[in-house]
Amino acid sequence: MGSRGLLLLKGATPKHQILNFGRTTAFTPKLPIYFHHKLCNYSTTTRSSLEPPDVPRLAETARISLTPTEVEEFAPKIRQVIGWFGQLQAVDLNSVDPAIRADTETDNVRDDTPETFNNREAVIAAIPSYEEPYIKVPKVLNKE
Amino acid sequence: MASMLFRTIQTHPFLLYPTTLLRRNNAVLYCTLKSAHTQTAAQEEQQKPPQIKGSPQTRQAKTKTLDKISKDYETIIGIETHVQLSTLTKAFCSCPYNYGTQPNTSICPICMGLPGALPVLNSKVIEFAVKLGLALNCKLSLNSKFDRKQYFYPDLPKGYQISQFDIPIATGGYLDVDLPVEFGGGHRRFGVTRVDLNRAGVPLLEIVSEPDMRTGLEAAEYAAELQRLVRYLGVSNGNMQEGSLRCDVNVSIRPVGQLKFGTKVEIKNLNSFSSINRAIDFEIARQALLHSQGEDDQIVQETRLWEEGSQKTVTMRKKEGLADYRYFPEPDIPEVILMKEYVDSIQSSLPELPEMKRRRYEKMGLSMQDVLFLANDINVAQFFDATIANGADVKLAANWIMGDIAAYMKNEKLTINDIELTPEELAELIASIKSATISGKIGKEILFELMAKGGTVNGIIKEKNLVQIVDPSEIEKMVDKVLSENPKQLEQYRGGKTKLQGFFAGQVMKISKGKANPGLLNKILLEKLNAKC
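Residues numbered from 1 in each chain as written. Chains lettered and ligands numbered in written order. Predicted model: local features only at pLDDT ≥ 70, side-chain atom pairs only at ≥ 80, totals over all residues. Heavy atoms only, no water.

Looking at an unreviewed UniProt entry, chain B carries the name Glutamyl-tRNA(Gln) amidotransferase subunit B, chloroplastic/mitochondrial, with the source organism given as Melia azedarach.

By the naming in an unreviewed UniProt entry, chain A goes by Glutamyl-tRNA(Gln) amidotransferase subunit C, chloroplastic/mitochondrial and is assigned to Melia azedarach.

(A) Layout of helix 21 (residues 518-531) of chain B. Residues and elements named next belong to chain B. For helix 21, which comprises 14 residues, the first-to-last C-alpha distance of 19 Å matches the rise-based estimate of 20 Å (1.5 Å per residue) to within 8%. For helix 21, the complete set of buried residues consists of Leu520, Leu521, Ile524, Leu525 and Leu529. Projected down its long axis, helix 21 carries its buried residues within an arc of 150 degrees, all on one side. As for helix 21, its buried residues are in contact with helix 18 (472-485), helix 19 (487-494) and helix 20 (501-511). Between the side-chain oxygen at the start of helix 21 and the backbone nitrogen of Gly519 there is a gap of 2.9 Å, and the oxygen is on Asn517. (Helix = DSSP H or I, 4+ residues; strand = E, 2+ residues; numbered from the N terminus. Expected span 1.5 Å × (residues − 1). Buried < 20%, exposed > 50% of the residue type's maximum accessible area, 1.4 Å probe, protein only. Arc of directions from axis to C-beta. Contact = heavy atoms within 4.5 Å. Polar contact = N/O pair within 3.5 Å; in protein donor to acceptor, adjacent residues only side chain to side chain.)

(B) Unusual backbone geometry, seen in detail. Non-glycine residue A:Arg63 carries a positive phi angle of around 55 degrees. Examined against the element boundaries, A:Arg63 turns out to sit in the loop between helix 1 (55-61) and helix 2 (68-86). Even without a glycine there, the phi angle at B:Lys413 is positive, about 50 degrees. By the secondary structure assignment, B:Lys413 is in the loop between helix 14 (394-412) and helix 15 (423-434). Note on B:Lys413: relative accessible area 75%, which makes it exposed.

(C) Structural detail: the packing of helix 7 (residues 123-135) of chain B against helix 10 (residues 340-349) of chain B. Residues and elements named next belong to chain B. Between helix 7 and helix 10, whose axes approach to 10 Å, the crossing angle comes to 60 degrees. Relative to helix 10, the element helix 7 lies oblique. For helix 7 against helix 10, the interelement crossing comes out right-handed. Where helix 7 approaches helix 10, its residues Ser123, Ile126, Glu127, Val130, Lys131 and Leu134 are matched on the opposing element by Tyr342, Val343, Ile346 and Gln347. (Axes fitted to C-alpha atoms, helices over the stretch in contact; angles between N-to-C directions. Parallel < 35°, antiparallel > 145°, perpendicular 65-115°, else oblique. Left-handed = near helix turned anticlockwise from the far one by under 90°.)

(D) Summary view of the environment of B:Val265. All names here are of chain B. Here Val265 is to be found in strand 11 (residues 265-270). What makes Val265 buried here is its relative accessible area of 0%. Sequence separation between Val265 and Ser252 is 13 residues, and the spatial gap between their C-alpha atoms is 6.3 Å. What Val265 contacts, discounting residues up to four positions off in sequence, is Val249, Asn250, Val251, Glu283, Arg286, Gln287, Ile299, Val300, Glu302 and Arg304.

(E) Structural context of the interface of chain B and chain A. Counting from both sides, the interface comprises 42 residues of chain B and, opposite them, 36 residues of chain A. At the boundary of chain B with chain A, total buried surface from both sides reaches about 3700 Å², with 63% on carbon and sulfur atoms. When the area that chain B buries against chain A is broken down by residue, the three leading residues are B:Asn104, B:Phe152 and B:Pro334, summing to 16%. The interface formed by chain B and chain A contains zero salt bridges. The interface formed by chain B and chain A holds twelve residue pairs in polar contact (both at pLDDT 80 or more) in total. (Buried area = accessible area lost by both parts, 1.4 Å probe. Salt bridge = Lys/Arg side-chain N within 4 Å of Asp/Glu carboxyl O.)

Shown next as structure tokens:
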């Protein structure tokens, strides 16, 4: 899954450029802030399919137990979803300025003014396992 | 930027540390460093001697070992610091946050991670991050974003932390540190790679240092300076006991000359500057021992815990490869955009920072010891500044604060804000002594009364009739009285036992109730004593 990389180059100038690994001639490694990211990988060889998911490992990272049959059942389905996302790789982005985020909404912050949530009882009541005053949670540490 | 800083620093140790050149044949110098009488990390070291292995002999043996190690191995230390911001509410919801409140009382659907609840960022978090970023001389990212860092932890209901991953809000800064060493006070500059906004719930800022530090003391002093900085800025209380300032330290060593970095070990559970110092020195010694026994493969990438009781680091968990946090951009939080005007207004409102304060105090002519003491605590520094703003002599003000006032605060377990004495009255007191209205001795008495009960210098002087007697005829009368009452001593004095002058002076002072001007008293006394010889 991690064989491709998206390189975002954000120089000192406000003008952004998107480049892929195959055309590094325009890439001057001066003040790069770049990220490569697994889910939004940008393909250098656009057509090739993404690496098939390692379903048992995925399940493990999500703390989900799957039987071998389920693994076999889910693998093609997950591959299909990734395939759909893979279609995005075909979009020509050469003339598009990269954005840090897709949305344009800004200034969505709040003041540092305390407000007590007034229906705490309902929240507490919805906790599957509560032992006043603590919430009990499944053991997740040192599982390995 | 980072590598440039790194190189700059690499050239420094030999210039700044005359001791590194001397260590070969002199282990004692290192001890001097540990016992330096200054009020910073080293001071804490002094106040809290290690409970178990604290005997001077073992300390010295340890020091010798460290000296030998520093000859053969290069230590590389980096620190990751989490600063809990002193906002009134949490980072992404309006739940109030106070240390020590009952469990699960300040909760809401957002911080509980309930489905459909959307986080909204606290603007104060950004403000504090910008403040700290600027104070650390960082380059700010005018556009930054949050990411999801996915892992499981009992207190992480959503299964991910809203954090910053690849575009932190501030990068590439540095922190100037004065090492509290007696021999000249080394000055070091440590690089900071990134300051990023971190962790949902209560807002934390993570400050990652460059691996610029070489000794436990340097690391402890870096942490102490960060604490000073966040307190000066008012972005955090910096309290290590409460966990408002947490330091995780990465230590690796490599044989001198080896290019490849050694395996790094992370140390957690460091609750004080002295534990940072000692944990690192222990870890260096542990790793060096494994190296020297050819067992360097036993040094594995792991997280170790510092055990205060046994003064040791012990394995907490070994890492099987790098954790896969599967970061991706946080869809619930929009991009963080900083306007230039916003950053400029914060920049212009920054207070005088510890480093600037120290340099200013230095220029006033104060000694390094005075400078480090006064600038260590923002409240003490402000008290001092206010005192001299009221016209007090700089050195005298420093002496009073570091002497009798500090001793009183220590005995009574009070901070400078708790005592009743005001900077105005301290200035008045100093002026009254300088103008000879009162004697230094009386001044001291007034000081203690002011600290305990408040009031004004002039009020106390009037109320207790403490004005210094500067009228020569009045003093003369008292001298005559003393001389006539002690004919035997007078005879002895005139017979050559001139040491008795002190006795007479004491007697006169006594009947003047400490108010006689000492200079005048001695002058008149001597005249009278020697008059008939």
